[in-house]
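Observations on chain architecture
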Amino acid sequence: MTLAPARTDTVTTIASRIRDRAAATPHGVAMREKHHGIWRQYSWSDYWDQALTVAHGLLALGVEPGDRVAVHADNRPEWLFTDVATVAVRAMTVGLYPTNPASEVGYLLSHSGAKVLVAEDQEQVDKALEVIGTCPDLERVIYLEPRGIRHRYDHPALLAWDDLLALGREHRAAHADAVADLMAAATPDDIATLIYTSGTTGPPKGAMLSVANVDFAVRTISRGRGFAGSPPGPGDLSVSYLPLCHVAERIFTIWFNAGAGIQVNFAESIATVQANLREVQPTILFGVPRIWEKMLATVQIKLANASPVKRLNARLWLRVADRIGATLVRTGGVHTTGTRLAYAVGWLFFYRALRERVGIGRVRFAASGAAPIAPDVLRFFMGIGVPMYEVYGMTESSAIATGNRPRRVRLGTVGEPEDDVELRLDPTTGEIELRHAGVFVGYFNDPAATARAKSGDGWLRTGDVGEWDGPDHLRITDRAKDIMITSGGKNIAPSEIENALKASPYVKEAILVGDRRPFLAALIGIEWDTVGEWAQRRGIGYTTYRDLSDKDEVRALVQSVVDDVNRRHAPVEQVREFRMLPKELDHEDGELTATQKVRRSAVADLFGDLVDDIYTARVSA
Amino acid sequence: MTVATKAPRGRPLLFTSYPSEMSLFPTTTRKVAFGLLLAVTAILPFMLADAELQLLATCCIAAIGAIGLGLVTGYAGQVSLGHAFFLGIGAYTASVISGDPDGRTVGLGVTNILVWLPAAGLVAGLFGVIVAPLATRLRGLYLAIVTLGLVFIGQHIFNEWSSVTGGVGVGRPAPTLEIFGYSLFTTTASVTRDQKLFWLMAALLLVFALAARNLARSRVGRAFTAIRDRDIAAGVIGVNLARYKTIAFAVSSFYAGCAGALLFTVTGYIEPTSFSLLLSVQYIAMVLIGGAGTISGAIAGAFFITLLPRIIRELQAFLPFISTDANEVPNVLQVESILYGVLIIVFLIFEPRGLFGLWVRARNYWKSWPFSY
């Protein structure tokens, strides 16, 4: 295998980082992918060899610096090969959510002007072919899984992955230095990737992250300020399962891997994450709040269904964990002699087994981000011994802003600004503003939106309202546009109350309404699995989601959750009334974004009658 | 493409290759446990009396036979009641080969165990191959009944062919335990006969058990399981039914032949009526009580059934209403046969996976801790 000749790069890109790792530790494990029950391992030299071949393949297809290469696939090695190859040839990677419906695929492909699309399988190829007429720039659709496509589809744009590799090998033999030359010519201002923000309002916008932005992010995370003990390194394992087109998973899969050399393990799918976590036992784990909430709900349900002795044991040690968690919250994550002792005994009887069974037995850095999370959930994980940190960042800041740090955790805050990050609050609105080397270049083909988000002197307006908690810690109140004002004139941040509701294992979605209304109300969606289990244990028969939601017993269950949350809030912040959502919210129906965040406007439209019903019923009563 | 680097440490569920997933001892704990077991076996003869060692040696031999039946019945799902027949073939083949040429019964005078033991297995295995076509034509109950016929045919031949078997009530001497002229059956200054006997049988059991385990986790073993679970489905996915059923019977009979050859060396005498239906049923009981479809289960079952008379005799001390006198009711022998039947019924109803199932249940309880599933 010929590695690119060493030459003086002007700038470090993820491609050059992978190349250097392949030269330094060619046989170290870079990633694993589960295939027919076996975790196939890829070494760093495999990784770089494949990426280099793909890069040559892209050149053979006529990709030039500045072109866009789109990837529409679940997390898998080919995603990384394509991303690294694209950066190597100075083009931009555009990620599409696997759940994106055809219409959104069409919008993203035409807006980004992608020249090449890497589509995973027949499903994604079908979406692309449906909209290819509206995407004049799209020249090639490369498919990874030939099943159902090969010998059946004869669209001229289609090309199999293996054929791309063959093209790449040919090109590599003919022009051995082509990619290396491009890598040497890379500049910090090259755009490495376009990351489309999911857009809870309006169509998605493509944030341009430059090579310099990405490098800042990679260097920041590799320093490992958030890690107790040694910084992240080749001995660490992560599980990659959230969509790679989101900046958070990009950081935890590709950038952590390139920057610190951690081993990435690809989950088979989002549905098998629990099993894959148990097998891999990662040391680094990132989850959005929904994942942690779901994990907590699973634990609670499984413990409730355990045999009496086990249940007793669990109840005892969960109570102890609660105390440990509370102490840790008070001390900022520093153990006292008491908690250490209690944990050591509990470790023997409960915590070790519990953590291993859930797949977080070896986690030394767990992070929650991308959306606000209920402190109760964090406290639970801290109590059972998982070093859990809430972090804050966004696409436009290359995911770098603030994070909690070992021994300085403050629950309910998103922590302290990272190194070299300037952070200030707008004195009038309280909006958080950021300035650092990772702040994005701008929105692709949208100067107006760029001007709204970024001031001339480099300050990024995040759109989040926050306040300082103590000298260093930042607390996020809510998204600026989500702040509600009741007709009584009170400002209310819905996410805090919503998260308190969602901390219950029975509640999946909680959407607060009450803007310009006399009181607060909520639309509540139940968690199908846990409420279903709950109903079964009580012998309540049900058929569909809607049927289960409409049961009086289930309403009473949710009422008890609401009452419990209300007790912890001031009267104006209490949820007086709620309605059950008749269906599970879904990305394809437009109620959720691709990142599973609720699109408030869509929900307000779709379930407007429910909301109206709440207020008319109350008024007439 | 893939690198042959080892899987990361401390992650027993993460397999990077199929061999590691199927390995004999997938975890360090298993390795350690196995090592401990070996160590205990090695020092046991210094701690037990000769009579007990003799009993344990018999257990080891019975276990070899039970493993053989476990392969054909437990793994490949072909119920065979003809195990006694194959045990008999082995016993007589071995004793004919090692027998005294000038004795009352036929003998060739080759006393080396390395000759007569494999020969006994091979001859029995050959009979297995001859019988196997029955299994490819018959299933379930019909196969059981036809193999039952084997026992009766065998019984008749063994009773009548007195130049080989010595005849009913007389019998003939068992094969001689000798290896290149060194007798394994005499007490010397440093080791007693029974110590040698136990070590020899334990070592043989180890060899046979490991061989069976390896067979079970190979392509052949997977074919057996596929046939057991649904032979039509197995045939559809490409398992050659005739071939694998033949292999199952051949291997099983080989084990039975070896076990038969060894079984009577402990007592020294073979009586032709021993190879009755009762013996077959005993082996079926070992497999069922131990746990069908597992090697360790077959071993556990063999030990349990062989030790049962002894256990009952010990029990008698605590239960004085059971008499040791054969003329009184209830006496030890009666309790033994009743318990025997009761155990089979109880296990089949309450724990069809046998003694091994009890172990699995206990293990799963702790494995699933702190949940229940």
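Conventions adopted
- Residues numbered from 1 in each chain as written.
- Chains lettered and ligands numbered in written order.
- Predicted model: local features only at pLDDT ≥ 70, side-chain atom pairs only at ≥ 80, totals over all residues.
- Helix = DSSP H or I, 4+ residues; strand = E, 2+ residues; numbered from the N terminus.
- Rg over C-alpha atoms; globule rule 2.2 N^0.38 Å.
- Buried ≥ 20, exposed ≤ 12 C-beta atoms within 10 Å, placed from the backbone.
- Domains from an automatic or database assignment.
- Contact = placed C-beta atoms within 7 Å.
- Nonpolar A, V, L, I, M, F, W, Y, C, P; charged D, E, K, R; others polar.
- Core = buried A, V, L, I, M, F, W, Y, C linked by C-beta atoms within 7 Å.
- Expected span 1.5 Å × (residues − 1).
- Bend = angle between axes of the 7 residues up to and from the residue.
- Axes fitted to C-alpha atoms, helices over the stretch in contact; angles between N-to-C directions.
- Parallel < 35°, antiparallel > 145°, perpendicular 65-115°, else oblique.
- Left-handed = near helix turned anticlockwise from the far one by under 90°.
- Pairing = 2+ DSSP bridges.
- Right-handed = clockwise from strand over helix to strand, strands pointing away.

Points about the overall build of chain A
Regarding its fold elements, chain A presents 21 helices and 26 strands. Taking 25 Å as the expected radius of gyration for a compact globule of 621 residues, we find that chain A reaches 25 Å, a close match to that expectation. With the principal axes as the frame, chain A shows a C-alpha extent of 80 × 55 × 55 Å. Taking all 621 residues of chain A together, the buried fraction comes to 52%.

Re the domain arrangement of chain A
All names here are of chain A. Along its sequence, chain A is organised into domain 1 (20-186 + 229-266) and domain 2 (483-620). Each of domain 1 and domain 2 was reduced to a C-alpha centroid, and the two centroids are 40 Å apart. Facing six residues of domain 1, the contacting portion of domain 2 comprises four residues. For the side of domain 1 that touches domain 2, the per-class residue count stands at three nonpolar, three polar and no charged.

Regarding the nonpolar core
One finds A:Ala51, A:Ala88, A:Leu117 and A:Ala522 to be the most contacted residues of the largest nonpolar core, which totals 189 residues. Both domain 1 (20-186 + 229-266) and domain 2 (483-620) of chain A contribute no fewer than three residues apiece to this core. Excluding residues that lie within four positions of it along the chain, A:Leu117 makes contacts with A:Ala70, A:His72, A:Leu109, A:Ala128, A:Leu138, A:Val141 and A:Ile142. Core analysis: the second largest hydrophobic core is formed by 95 residues, B:Cys59, B:Ile64, B:Ile289 and B:Phe347 among them.

As for helix H13 (residues 295-316) of chain B
Residue and element names in this part refer to chain B. A rise of 1.5 Å per residue sets the reference length of H13, with its 22 residues, at 32 Å; its end C-alpha atoms lie 31 Å apart and thus fit the reference within 8%. Residue Leu308 marks the point of greatest curvature in H13, where the axis turns by about 50°; the proline Pro309 follows within four residues. Along H13, the positions that sit buried rather than exposed are Ile295, Gly297, Ala298, Ile299, Ala300, Gly301, Ala302, Phe303, Ile305 and Thr306. Buried-residue contacts for H13 involve helix H3 (50-75), helix H8 (193-216), helix H12 (277-290) and helix H15 (354-367).

Quick notes on the packing of helix H4 (residues 83-98) of chain B against helix H5 (residues 113-137) of chain B
Axes are the key here: two packed helices are described by the angle between their axes and the distance separating the axes. Residues and elements named next belong to chain B. One way to put it is that H4 packs onto H5 with a least axis distance of 8 Å and a crossing angle of 140°. When the interaxial angle is binned, H4 and H5 end up oblique. The crossing of H4 and H5 is right-handed. Contacts between H4 and H5 involve Phe86, Ile89, Gly90, Thr93, Ala94, Ile97 and Ser98 on the former and, on the latter, Val115, Trp116, Leu117, Ala119, Ala120, Gly121, Val123, Ala124, Phe127 and Gly128.

A closer look at helix H14 (residues 375-383) of chain A
The set of residues buried in H14(A) consists of A:Val377, A:Leu378, A:Phe380, A:Phe381, A:Met382 and A:Gly383. Residues of H14(A) that are buried make contact with helix H11 (289-304), helix H12 (308-331), strand E13 (365-368) and strand E14 (388-392) of chain A.

Here we look at the pairing of strand E11 (residues 263-266) of chain A
All names here are of chain A. Judged by which residues are buried, E11 turns out to be covered on both faces: Gln263 and Asn265 on one side and Val264 and Phe266 on the other are all buried. Sheet analysis places strand E1 (residues 29-35) next to E11, joined by three bridges and oriented parallel. Along E11, the bridge assignment pairs Met31 with Val264. Here strand E10 (residues 237-240) runs beside E11; their pairing, made up of four bridges, is parallel. Bridging across to E11, Leu237 finds its partner in Gln263. Handedness of the crossover joining E10 and E11 through helix H9 (residues 247-260): right-handed.

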